[in-house]
Amino acid sequence: MFCFITSVRHPRNSQDYGRVESLLRATLASVCAQTVPDFRVVVVCNQVPSGKFPDQVEFVQVDFPPPSDVSGPATGREAVLRDKGTKLAVALLAAQRHRPRHVMKFDADDFVSRRIVEHVAGSDGPGWYVRDGFVVSSATGLITLTHDFVDRCGTSEIIANDVFPLPAEVPGLGASQDELLDRLGPFLVRDLLGSHRHSRNHLAERGTPLSPLPFPGAVYSISTGENHSGRTWMDRGRPVSRAVAEEFGIGHLRNASAWGHWARQDARAALGRVRRVVGRTPA
């Protein structure tokens, strides 16, 4: 069994919580489009969305307070580490009932390859990281491939369940944030779950290094209006191809306006080349 886990921000820390739920629905459609059915998805949130979701999805509701007094998504790194880390800790604990071999955390507005579960089912090892992945702009519809994806996005690590340092006596799903941090430890909650910046190095130092996934594994979605990072624009890249749309479930980002943005991008690049040539021309 493979488990995907994610957390959803507190309603107070969003620009438009209806938008947050809409992004979550698109993300879950992507995650649940796996080529094999042996997986589950655990979503931890303060407010369970209404409506029907794929059968593989289960919600766990928590009553954690807002991580910040800021009314919006840019709550600051420390607030994100605590809120996201403790919610994903609850998700990891809930996933244990399925006895997963591997767990992948994902951000609730990103997209993943439909081949992930199939690949992991036929492989061994402590896990993988997404080296190659895409960045897509909801504002422009442009997408670009990056080879340092794990350094950019939290939807980038697949970790064997037995690598997570869970204690013999784990807290219940109703545990407070302080109890989760105290009993599970800051390494698990903050470094492995709340962040993606240091966990790969930490795991390597502990003798359980992650291997690069041998294909593009995820899409980092920016310009949604609800990004923690605050990234709002990307004017480079290409329109989403049919093959990439099918691979990651992002057909809704294939739109006519992307071609206009692409044409303007090429025109700006051509003008820049002309200016450089003119600048080097002797008087």
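The following refers to the structure shown. (Residues numbered from 1 in each chain as written. Predicted model: local features only at pLDDT ≥ 70, side-chain atom pairs only at ≥ 80, totals over all residues. Heavy atoms only, no water.)

**Details of the overall build of the chain**
For the chain, the count of helices and strands is eight helices and 12 strands. In the chain, which comprises 283 residues, the share counted as buried stands at 53%. Residue pairs in contact within the chain that sit at least 24 positions apart in sequence constitute 76% of those at least 6 positions apart. Of the roughly 13100 Å² of accessible surface on the chain, 50% is carried by carbon and sulfur atoms. (Helix = DSSP H or I, 4+ residues; strand = E, 2+ residues; numbered from the N terminus. Buried < 20%, exposed > 50% of the residue type's maximum accessible area, 1.4 Å probe, protein only. Contact = heavy atoms within 4.5 Å. Areas by Shrake-Rupley, 256 points an atom, 1.4 Å probe, with all protein chains shown as cover.)

**Focus on the packing of aromatic side chains**
Summed over the entire model, instances satisfying the criterion amount to five aromatic pairs. Between Phe4 and Phe39, the aromatic rings sit 6.0 Å apart at their centres with planes inclined by 85°, giving edge-to-face as the arrangement. Here Phe39 lies in strand β2 (residues 39–45) and Phe4 lies in strand β1 (residues 2–7), a separation of 35 residues in the sequence. Here Phe4 matches Phe39 in class, with each residue buried. Arranged with centres 6.2 Å apart and planes meeting at 80°, the rings of Phe4 and Phe106 form a pair that is edge-to-face. Note that Phe4 is positioned in strand β1 and Phe106 in the loop between β4 (102–105) and β5 (111–112), a separation of 102 residues in sequence. Residue Phe106 is classed as buried on the basis of its relative accessible area of 3%. Taking the ring centre of Tyr129 as reference, the NZ or CZ of Arg200 above it sits at 4.3 Å. Of note, Arg206 hangs over the ring of Phe187, and the distance from its end group to the ring centre comes to 4.2 Å. (Phe/Tyr/Trp six-rings, centres within 6.5 Å; stacked < 30°, edge-to-face > 60°. Lys NZ or Arg CZ within 6 Å of the ring centre and 35° of its normal.)

**Considerations on the sheet that holds β2**
As summarised here, the arrangement of the seven strands in space is β3-β2-β1-β4-β9-β6-β10, forming an open sheet in which the pairing is mixed. Both edges of this open sheet fall to β3 (57–61) and β10 (211–212), since each of them pairs with a single strand only. Here strand β6 (residues 127–129) pairs with strand β9 (residues 157–160) via three bridges, running antiparallel. Paired with Trp128 across the two strands is Ile158, which belongs to β9. Across the sheet, helix α1 (residues 17–31) is in contact with β1, β2 and β3; its angle to β2 comes to roughly 160°. (Pairing = 2+ DSSP bridges. Axes fitted to C-alpha atoms, helices over the stretch in contact; angles between N-to-C directions.)

**Here's the deal with the environment of Asp38**
Within the fold, Asp38 resides in the loop between α1 and β2. Asp38 sits in the partly exposed class, given a relative accessible area of 40%. As for Asp38 and Val117, which are separated by 79 residues in sequence, their C-alpha atoms are 7.6 Å apart. Those residues in contact with Asp38 that lie beyond four places of it in its chain are Met1, Phe2 and Val117.

**A short note on the sheet that holds strand β11 (residues 218–222)**
Hydrogen bonds along the backbone pair up the strands of a sheet, which may run parallel or antiparallel. Across the sheet, five strands lie side by side as β5-β11-β7-β8-β12; this open sheet has mixed pairing. Each having just a single partner strand, β5 and β12 (238–239) make up the two edges of the open sheet.

**Digging into the packing of helix α2 (residues 77–95) against helix α4 (residues 177–184)**
At a minimum axis distance of 10 Å, the contact between α2 and α4 shows a crossing angle of 70°. Compared by their axis directions, α2 and α4 come out roughly perpendicular. Where α2 abuts α4, its residues Arg82, Asp83, Thr86, Ala89, Val90 and Leu93 lie against Gln177, Asp178, Leu180, Leu181 and Leu184. For the contact of α2 with α4, a count of residues per class yields six nonpolar, two polar and three charged. (Parallel < 35°, antiparallel > 145°, perpendicular 65-115°, else oblique. Nonpolar A, V, L, I, M, F, W, Y, C, P; charged D, E, K, R; others polar.)

**Structural notes on empty space enclosed by the protein**
Within this structure, the stated rule accounts for one cavity of 30 Å³ or more. Along the walls of the largest cavity sit Ile5, Val103, Met104, Lys105, Glu157, Ile159, Phe164, Leu192 and Leu193, which together make up its complete lining. Taken together, the elements giving at least two residues each to the lining of the largest cavity come down to β4, β9 and α5 (186–194). Of all the elements, β4 adds the most residues to the lining of the largest cavity, at three residues. Its residues assigned to classes, the lining of the largest cavity shows seven nonpolar, no polar and two charged. (1 Å grid on protein atoms, 1.4 Å probe; cavity = no way out; pocket = protein on both sides within 12 Å on 5 of 7 lines; lining within 4 Å. Points joined across faces, edges and corners; volume = space filled by probe spheres on them.)

**Overview of α5**
In an α-helix, one turn spans 3.6 residues, which is why side chains three or four residues apart end up on the same side. Of the positions making up α5, those classed as buried are Phe187, Leu188, Val189, Leu192, Leu193 and Gly194. Contacts from the buried residues of α5 go to β1, α2, β4, β9, α4 and α6 (199–205).

**Some details on the pairing of strand β7 (residues 133–137)**
Of all five residues making up β7, five are buried, and the element is well covered by its neighbours. Across four bridges, β7 lies against β11 in parallel orientation. What sits directly across from Val135, in β11, is Tyr220.

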